[in-house]
Amino acid sequence: MNRETGSLIYEEKDGSLLLAEADAMSKQVEEFPYFRPVDGEAQTAQIKTVDGVKQKVLETAREYDRMLYHTRLSLKFNEPAG
């Protein structure tokens, strides 16, 4: 573990790199709003799929529900020679 950044490093017994978190911005969290659908009219379209014709919702009434988060972990791997 890199004590300055908290990034993890996995190594072979001989000290060669297997996997490590990226040096900069290895862990990221992004906030985004979530809107839930509410009862009401919805605009739909018929689409053909391998399972037959289905209805696809194009647009519907919705209201703000809460904030959610995307997370991202950036890793680097040891590329084997050859």
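No experiment lies behind these values; they were computed from the predicted model shown.

Novice: Describe the sheet that holds strand β5 (residues 75-77), with residues and values.
Specialist: Strand order in this open sheet of three strands is β1-β2-β5, and the pairing throughout is antiparallel. For this open sheet the edge positions go to β1 (9-11) and β5, each flanked by a neighbour on one side alone. Put simply, the sheet's adjacent strands are angled 10° from each other on average, direction ignored. Pairing analysis gives three bridges linking strand β2 (residues 17-21) to β5, with the strands arranged antiparallel. From the neighbouring strand, E21 faces β5, where its bridge partner is L75.

Novice: Residue-level account of the pattern of salt bridges, with values.
Specialist: Under the definition given, this model contains five salt bridges. One salt bridge connects E63 with R36, and the closest N-O pair in it is separated by 2.4 Å. With E63 in strand β4 (residues 52-73) and R36 in strand β3 (residues 27-49), this pair connects stretches of sequence that are 27 residues apart. Judged by its relative accessible area of 35%, R36 is partly exposed. Two residues, R36 and D65, come together in a salt bridge whose shortest N-O distance is 3.9 Å. Taken together, the residues R36 in strand β3 and D65 in strand β4 connect sequence positions 29 residues apart. Take D65: its relative accessible area is 30%, and that puts it in the partly exposed class.

Novice: Please set out the pairing of β4 residue by residue, giving values where relevant.
Specialist: Alignment of β3 against β4, held across 19 bridges, turns out to be antiparallel. Paired with Q28 across the two strands is R72, which belongs to β4. Taken together, β3 and the strand that follows it, β4, pair antiparallel across an intervening segment of two residues.

Novice: Describe the packing of aromatic side chains, listing the residues and the values that go with them.
Specialist: Following the criterion strictly, the structure yields one aromatic pair and no others. Between F35 and Y64 the ring centres are 5.8 Å apart and the planes differ by 75°, which places this aromatic pair in the edge-to-face class. With F35 in strand β3 and Y64 in strand β4, the pair connects residues that are 29 residues apart, well separated along the chain. A residue is classified by how much of its surface remains accessible, and Y64, at 44% relative accessible area, is partly exposed. Here the basic side chain of R62 rests over the ring of F35, its NZ or CZ set 4.6 Å away from the ring centre.

Rules of the game
- Residues numbered from 1 in each chain as written.
- Predicted model: local features only at pLDDT ≥ 70, side-chain atom pairs only at ≥ 80, totals over all residues.
- Heavy atoms only, no water.
- Pairing = 2+ DSSP bridges.
- Helix = DSSP H or I, 4+ residues; strand = E, 2+ residues; numbered from the N terminus.
- Axes fitted to C-alpha atoms, helices over the stretch in contact; angles between N-to-C directions.
- Salt bridge = Lys/Arg side-chain N within 4 Å of Asp/Glu carboxyl O.
- Buried < 20%, exposed > 50% of the residue type's maximum accessible area, 1.4 Å probe, protein only.
- Phe/Tyr/Trp six-rings, centres within 6.5 Å; stacked < 30°, edge-to-face > 60°.
- Lys NZ or Arg CZ within 6 Å of the ring centre and 35° of its normal.

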